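# Fold and contact review
The primary structure of each chain is shown beneath.
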Amino acid sequence: MDVGVVIVAAGSGKRMGSHRNKIWLPLAGKTILAHTVSLFATHPEVAEVVLVVSEQDYLEVEKWLRTEPYRVKLQRGGSERQYSVREGLSALSDNCTYVLVHDAARPFVTRDQISGIIHKVRADQATIMAVPVKDTIKVVGPTGIVESTPARESLWTVQTPQAFRLSLLREAHKKADQAGKLGTDDAMLVEWLGHSVSIIQGSYENIKITTPEDLWLGEEILRRRRERLER
Ligand SMILES: Nc1ccn([C@@H]2O[C@H](COP(=O)(O)OP(=O)(O)OP(=O)(O)O)[C@@H](O)[C@H]2O)c(=O)n1
Ligand SMILES: C[C@](O)(CO)[C@H](O)COP(=O)(O)O
């Protein structure tokens, strides 16, 4: 049963404050995009990769992919991450039974973690990578007053990959579109269907490169990994 991957890279990187989409920023000698795409496109358990990019980036990504040894399908994204995922799902072949959805801005996930979530989704049909929250989280009202403090032991910081049975995620996106619902991750849409979603423990290194400080943190993560390999 084939596994497909949708990598979403069609954002604009506003919070990075860069003059162009953050996926083009350098990280340890390659672009963030190149790190993430090659990780999945060369993974032995991944049968198909769809890369979702903006209209603005499409031609440059297409030109870059011609220099790479692996095959990746290109798809244009939408104005929201959810719509980009939807476009990516539509480009996956029906040979895929399961799909991993991953942020291009998360280049630090490892091959073993990818194998682990593929194994888990075959059992659970819907599972997401996450790590326990380290800080206390508050719910704050519109006037800046704390309304509640959820019990920290029940809170997780959600990452990607998020993995699903393809037919389930396609149905979730269709129902969300019909209801005009917008989620910040794909698991929300599956939860709205009433389907259970399990957690697979990720790593605190699997950060999403969002603001400038994430770039030097990312360089340090990769430097320490190279050091560990050289020992
Ligand atoms: N319309 C969108 C918005 C986001 N993404 C992708 O979803 C991932 C996570 O989104 P985020 O980190 O928010 O990226 P941006 O939207 O580019 O960042 P910002 O919100 O700072 O503009 C990124 O790989 C981004 O490229 C996408 O494919 N389509
Ligand atoms: C999907 C996600 O990475 C899980 O934490 C996150 O919700 C993406 O949010 P963004 O604002 O689109 O980066």
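Bear in mind that the values here come from a model prediction, so they are computed numbers and not experimental data.

## A short note on the side chain of Thr160
Position of Thr160 relative to the elements: it lies in strand β10 (residues 156–165). According to the relative accessible area criterion, Thr160 is buried, its value standing at 3%. A polar contact of 2.8 Å, which involves the side chain of Thr160, links it to the side chain of His102. When neighbours within four sequence positions are excluded, Thr160 is seen to be in contact with Arg81, Val101, His102, Asp103, Arg106, Met129 and Asn206.

## Topic: the pattern of salt bridges
By the definition in use, this model includes 16 salt bridges. Residue Lys175 pairs with Glu171 through a salt bridge whose shortest N-O separation is 3.1 Å. Here Lys175 and its partner Glu171 are both found in helix α5 (residues 166–179), 4 residues apart, which amounts to about one turn of the helix. By sharing partners, the salt bridges in this structure join Arg81, Asp103, Arg106 and Asp186 into a single network.

## Structural notes on the environment of Ser54
As for its placement among the helices and strands, Ser54 is situated in the loop between β4 (48–53) and α2 (55–65). Put simply, Ser54 and Gln75 are 21 residues apart on the chain and 8.4 Å apart in space, counted from C-alpha to C-alpha. Once residues within four sequence positions are removed from consideration, Ser54 is found in contact with Ala9 and Ala10.

## Some thoughts on the site of ligand 1
Close contacts around ligand 1 come from 18 residues, with Val8, Gly13, Lys14, Arg15 and Ser84 the closest. In the environment of ligand 1, an oxygen atom lies 3.0 Å from a nitrogen or oxygen atom belonging to the backbone of Gly11. Lys22 has a polar side-chain atom sitting 2.8 Å from an oxygen atom of ligand 1. If ligand 1 stood free it would expose 560 Å²; the protein chains cover 90% of that surface. Its residues placed into classes, the shell around ligand 1 shows 5 nonpolar, 6 polar and 7 charged.

## A short note on the site of ligand 2
Near ligand 2 the following residues occur: Arg15, Arg81, Asp103, Arg106, Val158, Thr160, Thr184, Asp185 and Lys208. Protein contacts shield 73% of the accessible area of ligand 2, which totals 360 Å² for the unbound molecule.

## Concerning the packing of aromatic side chains
Scanning the entire structure with this criterion turns up 0 aromatic pairs. Over the ring of Tyr204 we find Lys134; its NZ or CZ atom is 4.1 Å from the centre of that ring.

## What to know about the environment of Tyr70
Mapped onto the fold, Tyr70 is located in the loop between α2 and β5 (73–76). With 33 residues separating them along the chain, Tyr70 and Val37 place their C-alpha atoms 9.5 Å apart. Apart from residues no more than four positions distant in its own chain, Tyr70 is found in contact with Ala34, Val37, Ser38, Ala41, Thr42, Trp64 and Leu65. A distance of 2.9 Å separates the side chain of Tyr70 from the side chain of Glu68, its partner in a polar contact.

## A short note on the UniProt feature "site: Transition state stabilizer" (unreviewed entry) in the chain
If you check UniProt for "site: Transition state stabilizer" (unreviewed entry), the listed places come out as Arg15 and Lys22 in our numbering. Mapped onto the secondary structure, Arg15 falls in the loop between β1 (2–9) and β2 (26–27). In this structure Arg15 comes out as exposed when scored by relative accessible area, which is 59%. Dropping the residues within four chain positions of it, Arg15 is found in contact with Lys208, Thr210, Thr211 and Pro212. Relative to the helices and strands, Lys22 resides in the loop between β1 and β2. Given a relative accessible area of 13%, Lys22 falls into the buried group. Residues contacting Lys22, with those up to four places away along its chain left out, are Gly13, Met16, Ile32, Ala105, Ile209 and Thr210.

Conventions adopted
- Residues numbered from 1 in each chain as written.
- Chains lettered and ligands numbered in written order.
- Predicted model: local features only at pLDDT ≥ 70, side-chain atom pairs only at ≥ 80, totals over all residues.
- Heavy atoms only, no water.
- Helix = DSSP H or I, 4+ residues; strand = E, 2+ residues; numbered from the N terminus.
- Buried < 20%, exposed > 50% of the residue type's maximum accessible area, 1.4 Å probe, protein only.
- Polar contact = N/O pair within 3.5 Å; in protein donor to acceptor, adjacent residues only side chain to side chain.
- Contact = heavy atoms within 4.5 Å.
- Salt bridge = Lys/Arg side-chain N within 4 Å of Asp/Glu carboxyl O.
- Near = heavy atom within 4 Å.
- Areas by Shrake-Rupley, 256 points an atom, 1.4 Å probe, with all protein chains shown as cover.
- Nonpolar A, V, L, I, M, F, W, Y, C, P; charged D, E, K, R; others polar.
- Phe/Tyr/Trp six-rings, centres within 6.5 Å; stacked < 30°, edge-to-face > 60°.
- Lys NZ or Arg CZ within 6 Å of the ring centre and 35° of its normal.
- UniProt positions renumbered as here; feature names shortened; annotations may be inferred.

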